[in-house]
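So the chains spell out like this:
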Amino acid sequence: HFHIFCNVHHEEALSVLVLPNRAFASPSHDGRFRIKDIPKGAFRVIAWHPLAEPVQKVVAFGTQVETVSFQLRLTRKMAPHWNKHGRPYGEHKYQ
């Protein structure tokens, strides 16, 4: 994964996770998610957040809807970063 930072606002950042397949979901506001069209079989399901250690489970998918629960602990902090000019935020003078 990688991060994209705003050059104006230090706290605005985006984390991007690149995956080798189309089987992914982003959770709704209540934390629920759904991944559609998964073939039958056992697959590793990974819950990821940029500020947590990934959590994974192997789930056997069949003809019924499977329910999987994850609990992530946000223990990491966003790495310190500079603006695009290599300086701390707030020091750039616009001309």
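Use the structure listed above.
Nothing here was measured: the structure is a model prediction, and the numbers come from that model. (Residues numbered from 1 in each chain as written. Predicted model: local features only at pLDDT ≥ 70, side-chain atom pairs only at ≥ 80, totals over all residues. Heavy atoms only, no water.)

Chemist: Is there a simple way to explain the overall build of the protein in this structure?
Modeler: Helices and strands together make up the secondary structure of the protein, namely zero helices and four strands. Taking 12 Å as the expected radius of gyration for a compact globule of 95 residues, we find that the protein reaches 18 Å, considerably beyond that expectation. Looking at the protein residue by residue over its 95 residues, the buried ones come to 9%. For the protein, the share of sequence-separated contacts (at least 6 apart) that also reach a separation of at least 24 residues comes to 30%. Carbon and sulfur atoms make up 53% of the accessible area of the protein, which amounts to about 8400 Å² in all. Averaging the locations of the 13 positively and 7 negatively charged side chains of the protein gives two centres separated by 4 Å. (Helix = DSSP H or I, 4+ residues; strand = E, 2+ residues; numbered from the N terminus. Rg over C-alpha atoms; globule rule 2.2 N^0.38 Å. Buried < 20%, exposed > 50% of the residue type's maximum accessible area, 1.4 Å probe, protein only. Contact = heavy atoms within 4.5 Å. Areas by Shrake-Rupley, 256 points an atom, 1.4 Å probe, with all protein chains shown as cover. Lys, Arg positive; Asp, Glu negative; His and termini not counted. Charge placed at Lys NZ, Arg CZ, Asp CG, Glu CD.)

Chemist: It is not clear to me how the environment of R34 should be interpreted in this structure. Could you clarify?
Modeler: Mapped onto the secondary structure, R34 falls in the loop between β2 (13-16) and β3 (41-47). Classification of R34 by relative accessible area gives exposed; the value is 61%. Counting along the chain gives 11 residues from R34 to A23, while the straight-line C-alpha distance between them is 9.8 Å.

Chemist: Explain the packing of aromatic side chains here, please?
Modeler: Centre-to-centre distance and the angle between the planes together describe a pair of aromatic rings. Counting across every chain of the model gives two aromatic pairs. Note that K57 overlies the ring of F70, its terminal NZ or CZ placed 5.1 Å from the centroid. (Phe/Tyr/Trp six-rings, centres within 6.5 Å; stacked < 30°, edge-to-face > 60°. Lys NZ or Arg CZ within 6 Å of the ring centre and 35° of its normal.)

Chemist: Just checking my understanding: could you explain the pattern of salt bridges for this structure?
Modeler: Between side chains of opposite charge, a pair can form when the charged atoms approach closely. All told, the structure shown has two salt bridges when counted by the stated rule. D30 is paired through a salt bridge with R32; the nearest N and O atoms lie 3.4 Å apart. Linking E53 and R76 is a salt bridge whose minimum nitrogen-to-oxygen distance equals 2.7 Å. Here the residue E53 occupies a position in the loop between β3 and β4 (55-61), and R76 occupies one in the segment after β4, the gap between them amounting to 23 residues. (Salt bridge = Lys/Arg side-chain N within 4 Å of Asp/Glu carboxyl O.)

Chemist: Is there a simple way to explain a nonpolar patch on the surface in this structure?
Modeler: On the surface, F2, I4, L14 and V18 cluster together to form a nonpolar patch covering roughly 380 Å² of accessible area. In this fold, I4 is placed in strand β1 (residues 2-5). (Patch = residues over 30% accessible without salt bridge, like charges linked within 9 Å, V, L, I, M, F, W, Y side chains within 5 Å.)

Chemist: Looking at this structure, how should I read unusual backbone geometry?
Modeler: Backbone phi values are negative for most residues with the exception of glycine, while trans is the configuration of most peptide bonds. A positive phi angle, close to 60°, is found at D37, a residue other than glycine. Of note, D37 is situated in the loop between β2 and β3.

Chemist: Would you mind showing me how to read the environment of V18 here?
Modeler: Position of V18 relative to the elements: it lies in the loop between β2 and β3. Overall, V18 belongs to the exposed group, its relative accessible area being 60%. Residues V18 and A47, spaced 29 residues apart in sequence, show a C-alpha to C-alpha distance of 14 Å.

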